[in-house]
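Residue strings, one per chain:
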Amino acid sequence: PEYLYVYVTSQGGMPPSLTLKDTRELPQRPVLEAIIKRFPELDQFLLRLDAMADGSTPPFEKFLLALHQDRSTAADLLLSPKYFSDALRAWPAETPKKIVLNSSYSGGFIEAADEMFEDDLITSVPGLTGFASARWDQLNPTLASSDKKTLFGLEFNRALEAHLGTPKTIDWLKLSSHVRQQIADAQRNRHQRDRSEPLFVPAP
């Protein structure tokens with residue numbers, strides 16, 4: 001294949017162990033501790049791939065609790081850096097891979113929040129260019145007119161239309177710089193105090 005292009009938009013979650021470092025009273029603490037015990041491989045940054053069997057999409061902690069209770073296969077419902085890296089390595093090393101992640105904390109897939117997460121970053125996959133909508137510790141801002149559509153999604157798709165070409169031929173550094181600037185300007189105009197910063201990592 002000439003290239004692989006994957007765009008993922010989803011709800012993101014932080015590694016349970018990072019959440020548990022919060023010394024405040026956390027109602028979900030027993031749930032997160034149970035998840036780490038039963039699914040240690042899920043102590044990573046996570047993207048939700050699908051709804052529950054009944055079609056519901058509960059908040060992230062409740063989603064993990066339901067996963068723990070009904071013994072669903074974690075890899076079928078969640079995407080982690082390790083799961084994603086393993087899947088991407090099925091493609092030839094020489095195949096350019098363009099990966100865009102649009103979710104809160106998505107930077108955790110391409111930058112290490114802690115040494116324990118370094119080995120499973122998707123940037124370890126040969127030929128990979130990664131673009132995440134927010135750093136590992138940031139939420140993904142939505143549009144003022146919608147609680148589901150994201151600012152990153154809006155600006156990325158606008159830029160994609162302007163930079164005509166295939167994912168293989170587009171100048172991803174130029175495209176990502178444009179998206180980052182548009183988002184920075186929009187957040188400044190909205191006087192947002194807590195801002196997201198899209199993260200771009202080019203292929204080596």
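Residues numbered from 1 in each chain as written. Predicted model: local features only at pLDDT ≥ 70, side-chain atom pairs only at ≥ 80, totals over all residues. Heavy atoms only, no water.

1. A look at the confidence of the model for the chain
- In this model, the chain carries an average pLDDT of 85, and 84% of its residues clear a pLDDT of 70 or more.
- Here helix 3 (residues 60–70) is the element of the chain with the lowest mean pLDDT, 68, and strand 6 (residues 128–132) is the one with the highest, 97. (pLDDT = per-residue confidence, 0-100. Helix = DSSP H or I, 4+ residues; strand = E, 2+ residues; numbered from the N terminus.)

2. Focus on the pattern of salt bridges
- In this structure the tally under the stated criterion is 6 salt bridges.
- A salt bridge links D86 to K82; its shortest N-O distance comes to 3.5 Å. Of this pair, D86 and K82 both sit in helix 5 (residues 81–88), 4 residues apart, which is roughly one turn of that helix.
- We classify D86 as partly exposed; its relative accessible area is 42%.
- Ionic pairing is found between E197 and R180, a salt bridge with its closest N-O pair at 3.7 Å. In this pair, E197 is assigned in the loop between helix 7 (172–189) and strand 7 (199–201) and R180 in helix 7, connecting sequence segments 17 residues apart.
- Salt bridges here are not isolated pairs; linked through shared partners, they connect E111, R135, R180 and E197. (Salt bridge = Lys/Arg side-chain N within 4 Å of Asp/Glu carboxyl O. Buried < 20%, exposed > 50% of the residue type's maximum accessible area, 1.4 Å probe, protein only.)

3. What about the packing of helix 6 (residues 151–162) against helix 7?
- For the pair helix 6 and helix 7, the least separation of the axes is 9 Å and the interaxial angle reads 135°. In terms of their interaxial angle, helix 6 and helix 7 are classed as oblique. For helix 6 against helix 7, the interelement crossing comes out right-handed. Contacts between helix 6 and helix 7 involve L151, F152, E155, F156, A159 and L160 from the former and W172, L175, H178, V179, Q182, I183, A186 and Q187 from the latter.
- The residue inventory of the contact of helix 6 with helix 7, partitioned by class, reads 10 nonpolar, 3 polar and 1 charged. (Axes fitted to C-alpha atoms, helices over the stretch in contact; angles between N-to-C directions. Parallel < 35°, antiparallel > 145°, perpendicular 65-115°, else oblique. Left-handed = near helix turned anticlockwise from the far one by under 90°. Contact = heavy atoms within 4.5 Å. Nonpolar A, V, L, I, M, F, W, Y, C, P; charged D, E, K, R; others polar.)

4. Comments concerning the pairing of strand 6
- Within strand 6, 5 of the 5 residues are buried, leaving the element largely enclosed by the surrounding structure.
- Residues of strand 6 alternate between two faces, with L128, G130 and A132 on one and T129 and F131 on the opposite face, all of them buried.
- In terms of strand pairing, strand 5 (residues 97–102) meets strand 6 through 5 bridges, oriented parallel. Bridge pairing in strand 6 links I99 to G130.
- Examined bridge by bridge, strand 6 and strand 7 share 3 bridges and lie antiparallel to one another. Opposite A132, over in strand 7, you have L199 as the bridge partner. (Pairing = 2+ DSSP bridges.)

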